[in-house]
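Below are the chains, spelled out letter by letter.
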Amino acid sequence: MRLALLGCGTVGGEVVRLLHEQSADLAARVGAPLELAGIAVRRLGRDRGELPVDPSLFTTDPLGLIKRDDVDVVVEVVGGIEPARGWLVEALRAGKSVVTANKALLAEDGGALHDAAAEGGADLYYEAAVAGAIPLLRPLRESLHGDRITRVTGIVNGTTNFILSAMDATGAGFAEALEEATELGYAEADPTADVEGFDAAAKAAILASLAFHTRVNAADVHREGITEVTAADVASAKAMGCTIKLLCIAARGVDAAGRETVNVRVHPAMIPLNHPLAGVGDAFNAVFVEAEAAGQLMFYGRGAGGAPTASAVLGDVVAVARNRLAGVRAASESAYADLSVRPMGEALTRYHVSLDVADRPGVLAAVAGVFARHGVSIATVRQGPAEGSTPGSGADADLVIVTHVAPDAALAATVSELRALDIVRSVTSVLRVEGGV
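The structure presented is a predicted model; accordingly, all values stated were derived computationally and were not measured.

Conventions we followed
Residues numbered from 1 in each chain as written. Predicted model: local features only at pLDDT ≥ 70, side-chain atom pairs only at ≥ 80, totals over all residues. Heavy atoms only, no water. Phe/Tyr/Trp six-rings, centres within 6.5 Å; stacked < 30°, edge-to-face > 60°. Helix = DSSP H or I, 4+ residues; strand = E, 2+ residues; numbered from the N terminus. Lys NZ or Arg CZ within 6 Å of the ring centre and 35° of its normal. Patch = residues over 30% accessible without salt bridge, like charges linked within 9 Å, V, L, I, M, F, W, Y side chains within 5 Å. Areas by Shrake-Rupley, 256 points an atom, 1.4 Å probe, with all protein chains shown as cover. Salt bridge = Lys/Arg side-chain N within 4 Å of Asp/Glu carboxyl O. Lys, Arg positive; Asp, Glu negative; His and termini not counted. Charge placed at Lys NZ, Arg CZ, Asp CG, Glu CD. Pairing = 2+ DSSP bridges. Axes fitted to C-alpha atoms, helices over the stretch in contact; angles between N-to-C directions. Left-handed = near helix turned anticlockwise from the far one by under 90°. Contact = heavy atoms within 4.5 Å. Nonpolar A, V, L, I, M, F, W, Y, C, P; charged D, E, K, R; others polar. Disulfide = S-S within 2.5 Å. Core = buried A, V, L, I, M, F, W, Y, C linked by side-chain atoms within 4.5 Å. Buried < 20%, exposed > 50% of the residue type's maximum accessible area, 1.4 Å probe, protein only.

### A few points about the packing of aromatic side chains
Right, so step 1: Taken as a whole and assessed by the stated rule, the structure comprises two aromatic pairs.
Right, so step 2: Their ring planes at 5° and their centres at 5.2 Å tell us that F284 and Y300 sit as a pair that is stacked. In this pair, F284 is assigned in strand β11 (residues 284–291) and Y300 in strand β12 (residues 295–302), connecting sequence segments 16 residues apart.
Right, so step 3: We note R141 situated over the ring of Y125; from NZ or CZ to the ring centre the distance is 4.5 Å.
Right, so step 4: The ring of F198 carries R223 above its face, with NZ or CZ at 3.8 Å from the centroid.

If you want it as structure tokens, here you go:
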């Protein structure tokens, strides 16, 4: 089995190393040796350390490498939308199996790749695109095909999980925790994709597509990052027996006409400390799957890094290589359900709202009236004087309200009206609450 490797950065280098170190075992598992036909890179002269590979295998012509007759499987670890999309469509249409870790491309236009795979009769595998080495996508697309998945909730970005875990452990603010994550190598020089939720949203789209047999794109995912989470938010969560995590949530639902839908979202949320995801710290990932027959399933491990991601890549390579040797193809894309994506405003959730209000009689009644006008029921209220103020002096007071479940649009409208009240000096924090607090 001859492999074309596109990209030789952190992950690609680990793929090369593992192919070399485990060559005998991999050949035994596949039934034939796995050999590199070539490695496409952007620059030939870049220092790649002590890679166990013949330098003559490197090329700057990825398309030429893909088109070679002696290439059986194309492995793509370059990332990005273009030119990767063109390369992989070319390979799949030519009947060459593809293994990719490209979450952005799969979330942006996975349908084009699946269509090309069907046209060429080739396999498309992408376990490494979500949660690194954690065996997650194959269970969703194969092991659980006899079941009906109702909800997927996950921590799928290690950078943001490290930052929020550090804020929870030390009381630090977001900027301090991000600085620490950068120093330790958990955050990129430009952390936007992570902290603004773009990375998690791409993964959420892939998870939802597999779980609900529906093509879901990144544009269908409601996305919020963690840059607005404060140390005060973390302290308030602790006071409630909660912690804050950036969650990806994909759930089945029913619209007003009674039709089944799916809602997919990424945002920070408070979850109780007894929730299975609450104890997932550091840069680890975990995904909690709920299915009608199987019940609750938890997948946990390192979700990023060169070696874990390369492990997932090679697992896929073994699978597609064995299929080619046997002359068979894996099950094709399952998108038969074709559920419509429910907008965020219709998603049912709960809010934790912190207000800075005037400390005088009638304030609580006025605030409660706003919630009532929007059909939002209040679960708990906590009120106290603002730091440094005297109770009853008319100075600021802190008011913290947690709601019962309501449509997100009603909750957002409630917060919008609260901001306009004269008695509300400011809405200091708004966070969603998940998991039965």
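### Here's the deal with a negative patch on the surface
Right, so step 1: Residues E176, E179, E180 and E183 make up a contiguous surface patch of negative charge.
Right, so step 2: As for its placement among the helices and strands, E176 is situated in helix α8 (residues 174–183).

### A look at the sheet that holds strand β4 (residues 73–76)
Right, so step 1: Here we have six strands laid out as an open sheet, ordered β3-β2-β1-β4-β5-β6, and parallel in their pairing. The sheet terminates laterally at β3 (58–59) and β6 (124–125), the two strands that pair on one side only.
Right, so step 2: Strand direction decides the pairing type here: strand β1 (residues 2–6) and strand β2 (residues 35–40), joined by five bridges, are parallel. Bridge pairing in β2 places L3 opposite L36.

### Considering the packing of helix α13 (residues 363–373) against helix α14 (residues 408–420)
Right, so step 1: Where α13 contacts α14, the axes come no closer than 9 Å and their chain directions differ by 145°. You can see that α13 and α14 cross each other, and the crossing is right-handed. Only T414, E417 and L418 of α14 make contact with α13, whose side of the interface consists of V367, V370, F371 and R373.
Right, so step 2: For the contact of α13 with α14, the per-class residue count stands at four nonpolar, one polar and two charged.

### Observations regarding the state of the cysteines
Right, so step 1: Under the defined criterion, the tally for this structure stands at zero disulfides.
Right, so step 2: Considering cysteine sulfurs only, C242 is the nearest to C248, which forms no disulfide, with 19 Å between them.

### Comments concerning the nonpolar core
Right, so step 1: V74, L136, I149, I163 and L207 are the most contacted members of the largest nonpolar core, which has 80 residues in total.
Right, so step 2: Top contributing element to this core by residue count: helix α10 (residues 198–212), with eleven residues.
Right, so step 3: Here L136 is in contact with E127, V130, A131, L207, V287 and F299, once residues within four sequence places are set aside.

### Some details on the pattern of salt bridges
Right, so step 1: Summed over the entire model, instances satisfying the criterion amount to 25 salt bridges.
Right, so step 2: The residue R17 makes a salt bridge to E14 at a minimum N-O spacing of 2.5 Å. One end of the pair, R17, and the other, E14, are both in helix α1 (residues 10–21), three residues apart, so they sit about a helical turn from each other.
Right, so step 3: Owing to a relative accessible area of 27%, R17 belongs among the partly exposed residues under this scheme.
Right, so step 4: In this structure, R265 and E434 form a salt bridge, with 2.9 Å as the shortest nitrogen-oxygen distance. Of this pair, R265 sits in strand β10 (residues 260–272) while E434 sits in the segment after β18 (424–433), and the two are 169 residues apart along the sequence.
Right, so step 5: For E434, a relative accessible area of 8% corresponds to the buried category.
Right, so step 6: One salt-bridge network, held together by shared partners, links R2, E35, R68 and D70.

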